[in-house]
Every structure is written in structure tokens, then in C-alpha cells.
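Here is what each chain is made of, one letter per residue.
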Amino acid sequence: MANDLTGDYDVVAQFSLDAVNRILAAMHRGKRLPHALSMAVDDYPDPRIGVAAISIVDVHGEAMLDPAKVRIAAHANAAASVGRLSEEVIRNVDPVVNFRRDPLPPRVRGLDGAASSVSPPPLETRTHEVPLGPGDARGFAGHATDRADIIDGIGTGESYSYLSGVAQLQLGPPTMQIAGNRTDRAEVHTPVMVRYLPEEQTMPLARFMRGDIVTTFGVKQVSSAAGANVVIDLAGAVRFNTNWSSSSLDPNERSAIDKALAKSLKESFEPSSTPFPSNVRRMHFKGFPGENTVAVMMNVTTDNAAGPGSVGTVFLHPDDHFAIAVNGEAITVPFAAAVNSSIAPRTQKTDTKVVVDYLIGTKTFHIYTSIYILDAKVELIDLVFGAFAGMPIVPGTGAILLTILVQVRFGWQGKPDVIPDPVDFDFTITQAFTLTLNGRNVGIQRIGDVVVNIPGGVPTVEADEARKKATTIFNNAWNSQVSGIQQKIDNALNANGLQDLLKSLMNPTLSTAASPGNAPEQVNPELTYTSFEIKPAGIALHGSITVPPWPRPHVEFDKDPWAPASNPEYRALRSWIPGGTVKEYRWDYGKQGVVKDSHRFITVNAPALSPMSSKVCMTFTGSRITASGPIFYETVSSPRSCKWTSPPVVKFPGIDWSAADRPQTVVPKPRPDPEMAFEAVAHVSPWAQDGINGGTVNLVVTFPDEASLGTLETLPQALARSGRTDTATAMLCVITPEQFERVPPVDGVMFADDASAWERLLGIRHRPATVLLDPAGETVWRHEGELEPGALTEALRNHLGAGGQFYPQFVESPLREGQLSPNFLFDAEPGERLTLRKLTGRPLVLLFWRSSSEPSVATLRNLHRAFRRSDAEAPLILAIDDGQDGEFARGLAAADEGGLIVVADPERQIARAYGVSVWPTVVFLDASGLVRDVRMGLISEDELEQPERERTRADDRDEAPRLNQPDSRHSERSAD
């Protein structure tokens, strides 16, 4: 007969759907569930196509950002080779980067020593089998199909969607629902933002969509020669519930989306298979739709033909995350057996000699007493209040009652008839117990003392003797067995096995090795009991589920490198809230305004970029289920992340110079108040690498004197009045140290503070002076002395070179957190050569700097001072003298004791390997040589002394702007 609590099973565990969603969110946080995908879609009836959609990742295992590369990778069927840059080679084979004279391949265009092609990568075209005519549609494989046939095929239930293009998806954590009234199916809803780019002449869809991917899953037990496993597999239809789309979707387009989703999931989804816990012999699953509860039903002692229909009771309380019910026999039987085995002997006999005096003599006789201790009985009682045998019971929890029946039997020999016969009697020994909870473990505790219940008619002498002996027997038995009984109770009731099962389901073994930079994180749940109920049918324990605290949102965005400056596009595909869903992006373009977007991770109609340094900031908000305590969804906001675009690229051919001799431009500290003094927080090179063709601008360089310093606003005004919109032009003001305090902020004008280098380069002997370089780097106009009104306008109108191009990119490092740092050689001491790897075992700080950059010098001093004062083990600083021989830094190091090694990099081999184009750039390495942080620009001592979490909150009002911010470590506090 089925148990009222556990049916035909030994143990039943029930979970609220809220708790299941917390677990799914933790799997999303641990990257067991994707947060971003780039898919090449090609769903045509052609046997050469293996799958409907292929996920394309970069060398770090992250969703590829560039749709063009997604197409190329899908065509080449070699995703691992796309975008494989020099740093990936370094990470894999660990060569020494500065062992030869020729530099490593460049990566980022427009920055010193890092130029590349200025045209987009070509899209490879497959050979088409048949020519295409008007109204035809084609896919990646060059299929020619009439659009009407496509629509007919979709409408008639054909399995192909006829979609071809690139789909990029940003996914939140899934949530579970019981599928209708089915007890054996669950619907999983995954929130998603979609960007879809169709191939030419293929079925179009809305470019942007937002909604839920709904999949139906089943959970079952599968047994084989390899053992029993829990298998989660697709069990029904897949559909896309659209909440918003940039253009309306007709029924055929909706059907196409569903078909492509269903086919790609069925082709790519690997059923999750998790071995049973070692003590489980049978396991089934069941949903309770009306109660939003799912149950796991297990047999651990028998392998009977248990059926899910035998479990019909939901014992989960409204505030529970989970509850475990254990069949009462799993508790009472071993408990009683332990008590019985501890009482020996079970039968006791005594011989009492009695002497009776008479008037005529003395009579002696014997009374024999036999005590029979019967089998102990253990039962579960569900008293709600009151007391049992005078002993209080915890309200609402019930108790475990142990009862031992004792029989007292008498016999005699030689007893005179005048002496009354002793009367046999029975009595009971009872002890009530309650449970104790400690995390996910369970103990047992006596309620009061043992109670001996002797009938009222028993003479006092006999009753007292029996009570005393019974109490001694019970206490001795309990004391000898308490540890074993405690262990049996805990084995039967603890949540260790359930926690291990959840852990294995949340952290399945991957069939393929993940990229080291994107490897899943082990995320383990923690189960804790909070209350219990003891009922005649069994014991139900209620508890909560906690997952590790959520990490901060990951902020990452990039700029489409091929989008024109007039219509830039910024992409936040790989930004995400671990365990949460992004609800709204906020793009801050400075004076050009703020744009909020609730549906897209791609910007639309972003303002044009000027050829001057521009800053773009991004934040986002979303929601995330709580990791501990009561389950609800809370609002989450990301740190504010900002990136600067690169300066315009200029040329100056025909001069043989070293990288150190090239003049630089300044990244100024933002000045909320125009009265604030000018301050440089970094230096960046505007020079194109020798041999680059195209992608450069006209450059107007002015050298103001004291009088013209106050009229710099006339420079962009003259450019506007010239009417030359057919070319790109940058304007640069070179200031002297004396002009630092008085230079006004001017929109559209860059600044440089290494005046002597610029004057030497352009042959300036007197101020004021103005020089115009065309896109080829040729000087096409110069003027020394004051300019007459309108003279600059006329010069620009007549002399600007046509064809100037501005392709701004973000100034950032190619290094990623968790990546192995490029190895290199250096001289630790004269004649003592080491490699970076030889320093493994202690944290390191690599500072790329130049002596001509005051922010570099200040950062070097601040690093050294801050680490020397630190109580913890100070990182070793390697000051890499970028493009110089290191003499200045050696002098600085000689003035201090230890903690600083100067590394000369005159040919910039190390700097090139690290992608450095901004000074200072600071790379923080852990003791294993892995990159932990990359910071560009001036770093103050206060920032270095603050905890890491506080450094992420620095803003641009009081701190230097963060030039490189691949994640929220380089964030700025929003001033909103």
C-alpha cells in the first residue's frame, strides 16, 4: 500500500519553481548556459549542409562580434582559425616575444606600431549552382529558390526554414514552467535579444527582436550497461515568443524562426546525462502544475515497481525552497533494531528468599521473579500541541516515540497459603524524541527523561523496584547506542545526497574542452534545513537553497571597426549580468546626448564621431534572482564603463626615426569646470605605421603664442567655414609647459604637450605658427606669425587634400583577463638574462611608459611608493621603457631599494606583443603569469591603495579617465 507521504518511494524531494530558477540562474552565471551566441544560419534542403545553425566563437571561446567573420568562419568550417591573432599563439605555445628584430603582426589600426588594412575583410562568396533571377532567394550554399516556394514550404509543414544569414543572441538565464497539465514535461523560457542579418536575396526578418525561446524538456531515468543516469532531453516543440520586433513578423516568418530554432537545437543539443547517486536504485520525476512544484522520487532500499502516480501529496510549504520526505519505515525500523540490540539480556530472572516468623517457628520460602523485555516499538506521532506523558513536544513538529513493553511474572516455592500470591503485571518504558537541525544534517534529541508507566494496583515496593531497574536498563542502552542511532538518523534524513545530485546536474561534464579564457565555473548549491514535520507516514524536512553570491555585471562593448565615422555602431553583445537578464542599455555620447534602448544590444543612429578624441560610455540595468534568502527578483545596475576612440591617423613619410622620437598627443583629464587647469592623464600616438595606404587625415598643427592661446576656438570655426566636407581633417594644438595652466578647453581640437618634439619635427622656430599636412603627410601650407581673419579658412579651402579618411577605433588592449601574458627576455642585472616566466610565483606589474610622458613618470612613482607601503607581499614592478633604452628609469630605480626592474624595449617588440599604444599602460599579472587587469592612463597612489571593489567606482570628476575598459574594473561612477 502506498505511503500517504512518499507513495511507493523511500524518499521524495520537492522543489519550488522559484528555487529551480535560482539554480538555473547559477548555471547561467557559471557559463554552463550561454549568455551570448553568434550563429551562422543556413537552413536549406541541401545534403552538404550539416546543421541549420553553427555557433561561431573567437579564440577565447566567446561569441564572435563581427558578423563578417561569422560568415567567413561558417564558409570555411574552421571557426577556431578565425581571428587567431599573435596573442593566441603566445598563449598556446609561449614563445619569447622579443628574440628577433622583426615585429609581431599588428592588431589595431591607427595606433603606433599597430596598423592594419583600412577596408573591411572580404566576404567570401560560394559558387552558385544556378543563376539567380528577380524574386529568387539564396542561402550560404548558393541555393536558388523562388520565394513563393519558400513560403509554400514553410506553410505546408516542411522542416526547412529557408533562413540564411547571421543571428546574434544575447541570452538571460532560463526559467522553468510546468508544461500545461503535463506532469512529465517542463517548459523552459530563455529571454533573448536577437540581431539578425540576412544574406542577400534570402528571406528577410526583423533586424532586431526581443522575446523568449520556449523549449519543452523531459527528465527521465535511463539504465544501461554503463549504469543508471538522469537524462534531460528535448521533448517537444520549440518556439519563439516575440515581445518586440523592429518590424512586424508575419505568420510565415514566425514559422520560419521556430523551424530554424527547433532544427538547430535538435542538431546541436546534447542531452544532459548525470549518473545516479551511488545509493539510489530508482529515480523518477514529476511536476505538480497547480502548486508550481517539481518532485524527485527515489528508492534507496528497494527496487520495486514504484510509479509517479503513487505520489499525490505536495508537502512543500509556501516559503520553502525545497523539502524532503522520508518514508517512516526508513526511520522506525533501524531505530528499533538499534535499541533491541542494545538491551541484553532480554530476559532477567531473580530468586528472592523470604523468611516468615510464626508463633511456633520460622518458615522460609522463595519467590521467583522473571522480567521479559519485548521488542521495542518506534512510531512517528504528529501531536500538534500539548504534551505526551507530561513531556512537552515542540508545537507543529510531532515526535518520535519509543515504547518498550516489559512483562513481570512471578513464581514461588514453599510459600504458605496464608501469604497472598504475587500478582503478575506489565508496564511500559516510553521515551519521546525530537529532531535537531544543523545545516543539511539531522540529529535526534530526547524530550525529557524516560517514563516508566506501571499500573496503579502494583504494590509500591514492587513498582519502585521495577521503575528503578527499567530506568537503568534504558539509560544504559541509550548511552551505548546514541552515536550509532544519531548516525542512522542522519544517514536517513540528511540532504547531502540531494545536494550532490544538484551539484552534478548544475556542473555537468563537458564533452569538449572549453577555451581557457571562457571555461565554465564550478557553481555549487548549499542546502540548509529550516524546519521539520513528523507525521505517522514519515518525516518531512523543509529548507532553503543558496547559491554563491553573484559577481558584478560584466561590462564589455566594442565599436564596429568598419562602420564609418559618420554612422558608428557600438556593440554590447558580450555584456551580461551573471545569473540575470539585461533590460535596458544606456549609451552616453557626452555632449551629443544619452540614448536608452530596451530592445537592442547594438546602437542605432549613434551620433557621428569627430576626428578628435571622443569618449563613449555605457551602462545597463537588468534584473536578477536573489542568490540567498527569500527568492525575488531585484534590480541590478552595471558600473559605468567608458572608452576613448583613437586619434586620427596621420603620416609623415621619408624620415627615419625610432618610435620614441615620434611626437605624441595628449589624452586630457575631463574638465567639468572650464576654469580647471589642463592636465594630461595619458599620451597616445597618432602615427600610422610606415607602409599604410589610406585611412589617414589632413592635420592642422598650430603652435600658439600667449596671445593666440586664447583664440583656439577659431580653428574649428575656420574648418567649418571652409566648406570642405569631402575629406577628414584633424586639428592639433601644441602647447608649452608654461601654457599648461592657461590653455582653454576647445571642442574639436586635440592637444600635445611635447612641444620640442613637434617643433623639431615640423621645423618651427617661432610662435605663433600653423602647419597643414595632407593625408599623404606632405606639408602643403605653413604660416608663421599672426593669421589675418579668414586666412586659415581660405588656406583650408584651397589646400586640404581630398580623400582624407577617419576610422576611429577604441583605444584598448587586446589582452583579456585570464590570458597567459606574452613571455619576453630582459636583463635583471647586468649580464643576468631572465624571461618573464622565471618570475612565476609572485604577482607582477608591467608598466609600459615613456620618460617624455609625465603621466607615465607619475604612475611609475605611485606604483613604487604604494607597493612599498603595502602590508601584503608587494608585486614586483617591471618598468618597460617603451621605445627607449631605459636610462631615465634606471636612475629612478637606483634611488629606491628593490621592487623595481627596468626593462629596455628600444625596438618596441614587447610593447607590440602587448598591443601597447598608450602611455602609461599598466598590466597586472598574478603569481601564475595570468592577466588580471589592464589599465591605461595615470593611476594615483590612492587608487592603488583602495580595495579592488573601490577602484572600480572611480569617476571622471576626480580621477583620471579610464582609457581601456574591457570590463567593469575600468569603470566610472555615473554622475546621473
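Residues numbered from 1 in each chain as written. Predicted model: local features only at pLDDT ≥ 70, side-chain atom pairs only at ≥ 80, totals over all residues. Heavy atoms only, no water.

Some words on the overall build of the protein
Alright, step 1. Helix and strand counts for the protein stand at 16 helices and 47 strands.
Alright, step 2. Across the 976 residues in the protein, those meeting the buried criterion constitute 54%.
Alright, step 3. In the protein, the proportion of contacts linking residues at least 24 apart, taken out of those at least 6 apart, comes to 68%.
Alright, step 4. On the protein, roughly 41700 Å² of surface is accessible, and the fraction owed to carbon and sulfur atoms is 52%. (Helix = DSSP H or I, 4+ residues; strand = E, 2+ residues; numbered from the N terminus. Buried < 20%, exposed > 50% of the residue type's maximum accessible area, 1.4 Å probe, protein only. Contact = heavy atoms within 4.5 Å. Areas by Shrake-Rupley, 256 points an atom, 1.4 Å probe, with all protein chains shown as cover.)

Some thoughts on the confidence of the model for the protein
Alright, step 1. For the protein, the average pLDDT comes to 80, and 78% of its residues sit at 70 or higher.
Alright, step 2. A low-confidence stretch, residues 77-93 stays under pLDDT 50, and its non-local contacts, those more than four residues away or across chains, total 37 contacts. (pLDDT = per-residue confidence, 0-100.)

Looking at helix α11 (residues 791-799)
Alright, step 1. Among all positions of α11, only Leu792, Thr793, Ala795 and Leu796 are buried. Along the axis of α11, the buried residues cluster in a sector spanning 165°; they form a single face. (Arc of directions from axis to C-beta.)

A word on the environment of methionine 750
Alright, step 1. By the secondary structure assignment, methionine 750 is in strand β36 (residues 750-752).
Alright, step 2. Accessibility expressed as a relative area gives 7% for methionine 750, which makes it buried.
Alright, step 3. Once the C-alpha coordinates of methionine 750 and proline 668 are considered, the two residues, 82 residues apart in sequence, prove to be 9.0 Å apart.

Remarks on the sheet that holds β36
Alright, step 1. Reading across the sheet, the five strands line up as β36-β35-β34-β37-β38 and stay open at both edges, with mixed pairing between neighbours. Edge positions in the sheet fall to β36 and β38 (779-784), since each has one partner strand and no second. The mean inter-strand angle of the sheet, taken between neighbouring strand axes irrespective of direction, is 20°. (Pairing = 2+ DSSP bridges. Axes fitted to C-alpha atoms, helices over the stretch in contact; angles between N-to-C directions.)

What about the packing of helix α6 (residues 329-342) against helix α7 (residues 460-493)?
Alright, step 1. Where α6 contacts α7, the axes come no closer than 10 Å and their chain directions differ by 160°. Taken together, the axis directions place α6 and α7 in an arrangement best described as roughly antiparallel. Viewed along their axes, α6 and α7 form a crossing whose handedness is right-handed. On α7, the residues that touch Ala330, Ile331, Pro334, Phe335, Ala338, Val339, Ser341 and Ser342 of α6 are Ala477, Trp478, Ser480, Gln481, Ile485, Lys488, Ile489, Ala492 and Leu493.
Alright, step 2. Partitioning the contact of α6 with α7 into residue classes produces twelve nonpolar, four polar and one charged. (Parallel < 35°, antiparallel > 145°, perpendicular 65-115°, else oblique. Left-handed = near helix turned anticlockwise from the far one by under 90°. Nonpolar A, V, L, I, M, F, W, Y, C, P; charged D, E, K, R; others polar.)

Quick look at the pattern of salt bridges
Alright, step 1. Applying the stated criterion across every chain, the model contains 25 salt bridges.
Alright, step 2. Here arginine 71 ties to glutamate 199 by a salt bridge, and the two come within 2.7 Å at their closest N and O atoms. Remark: glutamate 199 occurs in the loop between β8 (186-198) and β9 (208-224) and arginine 71 occurs in helix α2 (residues 67-76); sequence separation between them is 128 residues. Taken as a pair, arginine 71 and glutamate 199 share a single burial class, namely buried.
Alright, step 3. Salt bridges here are not isolated pairs; linked through shared partners, they connect Glu62, Glu556, Arg574 and Arg816. (Salt bridge = Lys/Arg side-chain N within 4 Å of Asp/Glu carboxyl O.)

Description of the nonpolar core
Alright, step 1. The biggest cluster of nonpolar side chains holds 82 residues, and the ones touching the most others in it are Phe15, Ile400 and Phe427.
Alright, step 2. In terms of residue count, the dominant contributor to this core is α7 (ten residues).
Alright, step 3. Residue contacts for phenylalanine 427: discarding those within four places in its chain leaves Ile404, Leu405, Val406, Val408, Val452, Asn453, Ile454, Pro455, Ala466 and Ala470.
Alright, step 4. Ranked by size, the runner-up nonpolar core spans 47 residues in total, among them Ala63, Tyr589, Val616 and Ala755. (Core = buried A, V, L, I, M, F, W, Y, C linked by side-chain atoms within 4.5 Å.)

Comments concerning the packing of aromatic side chains
Alright, step 1. For the structure shown, the criterion picks out 19 aromatic pairs.
Alright, step 2. Considering the side-chain rings of phenylalanine 335 and tryptophan 478, the 6.4 Å spacing of their centres and the 45° angle between planes classify their relative orientation as tilted. With phenylalanine 335 in helix α6 and tryptophan 478 in helix α7, this residue pair connects regions lying 143 residues apart in the sequence. The burial state of phenylalanine 335 is the same as that of tryptophan 478; both residues are buried.
Alright, step 3. Seen in terms of ring centroids, phenylalanine 425 and phenylalanine 427 are 6.2 Å apart; in terms of plane orientation they differ by 35°. Their pairing is tilted. (Phe/Tyr/Trp six-rings, centres within 6.5 Å; stacked < 30°, edge-to-face > 60°.)

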